[in-house]
Amino acid sequence: MLDGLYTLQSLQSRSISAENPQGKPGFGGQAASNLGVGRKGSPQITLKQGKTTVLADIDGPGMLRHFWFTVGVHSVHQDFILRNLILRLYWDNEEDPSVEVPLGDFFCCGFGAVSVVNSLPIVVNPQGGYNSYWEMPFKKHARMTITNEHADDVSGFYYAINYTLGDQLPENCGYFHAQWRRTNVVKLGHDHVILDGVKGKGLYVGTYLALAALGRYWWGEGEMKFFIDSDTNRPTICGTGVEDYFGGAWCYWKMDEQDATDYRIGTYSTPFLGYHFHTNNANRKINNYAQEGVPCHGLYRWHIQDPIYFQKGLRVTIQDIGHDDHALFERSDDLSSVAYWYQSEPHAPFPTLPSALERRPR
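J.: Tell me about the packing of aromatic side chains, and please be specific about residues and values.
T.: Under the counting rule described, the total for this entry stands at 29 aromatic pairs. Ring centres of Trp-218 and Trp-219 lie 4.7 Å apart, and the angle between their planes is 40 degrees; this geometry places the pair in the tilted category. Judged by relative accessible area, which is 11%, Trp-218 ranks as buried. Taking the relative accessible area as the measure of exposure, Trp-219 reaches 3% and is therefore buried. The positively charged end of Lys-24 is found above the aromatic ring belonging to Phe-27, 5.1 Å away from the centroid. Geometry around Tyr-245 places Arg-301 over its ring, the cationic atom sitting 4.9 Å from the centre.

This is the structure:
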């Protein structure tokens, strides 16, 4: 990733924040605090309930290179904030967003809890420092918004959006896209759809999966399927199981260093893949959610070294299959996901985003 970093280029570096919302040169650090002008006077904004806030409105050509968010701690419905703030990105004055994802899920935090992520394009640091390093080029215009569908105002929203202007983008430049979907609850024998309806030329670059296990036994035998271009009943790429697709093995068991007979779940977070989040609730039949709780699992896989290219279209699904030490069986879990990809514009409109109530995490 450091190749060519030393190359001198005719680019302009800019940054948008609460103090400089238009990213103008020489306009940073103007607000005043009790310490005086230019001493951390306006680091954050309040997101009004039911309103959409424009975070960035930029004329190109250019490239979004990094953005960082954090959200203040709230006592009311704290668990739902990350699902109730909707991040959208629009390229080149399009009407339909190319990115439409709950804020937490975009950063691999799909259960309302901050989960540390140490990957290449997405980094989440304690206590809720959300970072994206996905390269997001635009030829004419970039617009980023956040919509507050929370129960009340969200104060203490901090952000920094770092980008360049004047980028020499190739004619075949792909635009970044991300889409959220949920199947609550998966019907027996049916697959969760991660992405569908994609038309055009592009490459698939990542998957985030938030799986709430609603039954007992092992949950990770489902195959990941990529239906590329003209594929219909059978995919061109088909994996061998959830733990395999996300780079793990054998139910993620990790032997205790002090007791060789004690096996427990081993989490990991690496540059390209991770099983970074799981709850410690007993994985058994759930009858009373409030009393028993629901075991939740967060996993990501970035296809940065192995992009999945398509020329006409793409459909991505994952099975919900488990194992009980005797045989495979169909499961009915709660699956949410984010698909990340680049493609040519224009793109097909996304399905209608489910309501805040329908997005509510377990």
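J.: If you had to explain unusual backbone geometry to someone new, which residues and values would you point to?
T.: Going from Gly-60 to Pro-61, the amide bond is cis rather than trans, its omega being 5 degrees. The topology assignment puts Pro-61 in the loop between β5 (52-59) and β6 (62-71). The omega torsion of the bond from Glu-345 to Pro-346 falls at 5 degrees, within 30 degrees of zero and hence cis. Turning to its location among the elements, Pro-346 is positioned in the loop between β29 (334-343) and α5 (356-359). For Asp-92, which is not a glycine, the phi torsion comes out positive at approximately 50 degrees. Among the structural elements, Asp-92 can be located in the loop between β7 (85-91) and β8 (99-102). The phi dihedral of Trp-250 falls on the positive side, at around 50 degrees, and the residue is not glycine.

Definitions and limits used
Residues numbered from 1 in each chain as written. Predicted model: local features only at pLDDT ≥ 70, side-chain atom pairs only at ≥ 80, totals over all residues. Heavy atoms only, no water. Phe/Tyr/Trp six-rings, centres within 6.5 Å; stacked < 30°, edge-to-face > 60°. Buried < 20%, exposed > 50% of the residue type's maximum accessible area, 1.4 Å probe, protein only. Lys NZ or Arg CZ within 6 Å of the ring centre and 35° of its normal. Helix = DSSP H or I, 4+ residues; strand = E, 2+ residues; numbered from the N terminus.

Functional significance is not addressed by these values, which are geometric in nature.
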